[in-house]
Amino acid sequence: MSTIYFTDSLFSAGMTEIYNENKDHIGNLDLKSAFTSSVDILNTKEEITLSGGFRFFSRTWVISQPTEEEVGEVKQRFSFFAKKFEYEAFGRGVYTIESEAFSRQYEIHDEQEQVIAQFNRTDSFFESPAFCLTNHSSVLAEDELIAVIMGVNMIQKRNSSGGAAGAAAT
C-alpha cells in the first residue's frame, strides 16, 4: 500500500509535482494546456511514463504509453445519486470508480468488487484540485492511477463547463 499526493493547476496548464507520504518528490504532472485537457505523467528523470487525454470530439479519456499504445480508457457512467466512472485497463480488467453525490472521496473497485484504491480531493473551494491517492493494487501502478484520476477530474471539469447536458453524456 502506498499513498501519494498531486495537484491539478488552476487553469489545467503547467507542471505540478507528485509526492509520496514522506513528502519525497517522485514525479511530475505536465498539464499540457487548458484547451486540450491532456496530461503527461513524468518520473523523477523527467521521462514520460504515461499520457492521458480526450479522444477527438469524445468524452472518453484515453491513457497511453509514450509509444502511443493505449493502455486503457475512462468513461463516465450515468447515475442519479452518485458519481460513477469506469476504467477499462485493456487486457487487465474493468474497474469501477464511485463516489457519493456530494462527497470528495472516491473508491476504485475491481471486477470482484474489492477496493483496489481510494482517492480524495483535498483542496478547498477556491484552490486548484489536489488529490491524495492510496493504492492497494498490484495490477495498476501509481502512474496509471494518477492518469485515471486526472481523467475523472477532466471529465468532471468538462461536465461543469458544458452545463447539465454534458453531465449525462458518456
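Computed from a predicted model, the values in this text were never measured in an experiment.

**Q** Account for the overall build of the protein, naming residues and giving values.
**A** When helices and strands are counted, the protein shows 2 helices and 12 strands. For the protein, the sequential pattern of α-helices and β-strands runs β-β-β-β-β-β-β-β-β-β-β-β-α-α. Looking at the protein residue by residue over its 170 residues, the buried ones come to 46%. In the protein, once contacts between residues fewer than 6 apart in sequence are set aside, the share between residues at least 24 apart is 29%. Total accessible area computed for the protein in this model is approximately 9,200 Å², and 52% of it derives from carbon and sulfur atoms.

**Q** Give me the lowdown on a nonpolar patch on the surface, citing residues and values where you can.
**A** A contiguous nonpolar patch, built from Phe78, Phe80 and Phe81 and spanning about 470 Å² of accessible area, is present on the exposed surface. Of note, Phe81 is situated in the loop between strand S7 (70–77) and strand S8 (82–89). Looking at Phe81, the relative accessible area reads 73%, which means it is exposed.

**Q** Lay out the confidence of the model for the protein in plain terms, naming residues and giving numbers.
**A** Considering every residue of the protein, the mean pLDDT works out to 88; 89% of them sit at 70 or more. Element-level pLDDT for the protein is lowest in helix H2 (residues 164–167), with a mean of 41, against a maximum mean of 98 in strand S6 (residues 61–64). Segment residues 163–170 is flagged for pLDDT under 50; beyond a separation of four residues in sequence, or across chains, it makes 10 contacts in the model.

**Q** Describe in detail the sheet that holds strand S9 (residues 93–100), supporting the description with residues and values.
**A** Sheet strands line up and pair through hydrogen bonds in the backbone, either parallel or antiparallel. As summarised here, the arrangement of the 12 strands in space is S1-S2-S3-S4-S5-S6-S7-S8-S9-S10-S11-S12, forming a closed barrel in which the pairing is antiparallel. The mean inter-strand angle of the sheet, taken between neighbouring strand axes irrespective of direction, is 20°. Relative to strand S4 (residues 39–42), strand S3 (residues 25–31) runs antiparallel, the two being bridged by 4 bridges. Residue pairing in the sheet places Asn28 in a bridge with Leu42 of S4.

The rules we used
- Residues numbered from 1 in each chain as written.
- Predicted model: local features only at pLDDT ≥ 70, side-chain atom pairs only at ≥ 80, totals over all residues.
- Heavy atoms only, no water.
- Helix = DSSP H or I, 4+ residues; strand = E, 2+ residues; numbered from the N terminus.
- Buried < 20%, exposed > 50% of the residue type's maximum accessible area, 1.4 Å probe, protein only.
- Contact = heavy atoms within 4.5 Å.
- Areas by Shrake-Rupley, 256 points an atom, 1.4 Å probe, with all protein chains shown as cover.
- Patch = residues over 30% accessible without salt bridge, like charges linked within 9 Å, V, L, I, M, F, W, Y side chains within 5 Å.
- Salt bridge = Lys/Arg side-chain N within 4 Å of Asp/Glu carboxyl O.
- pLDDT = per-residue confidence, 0-100.
- Pairing = 2+ DSSP bridges.
- Axes fitted to C-alpha atoms, helices over the stretch in contact; angles between N-to-C directions.

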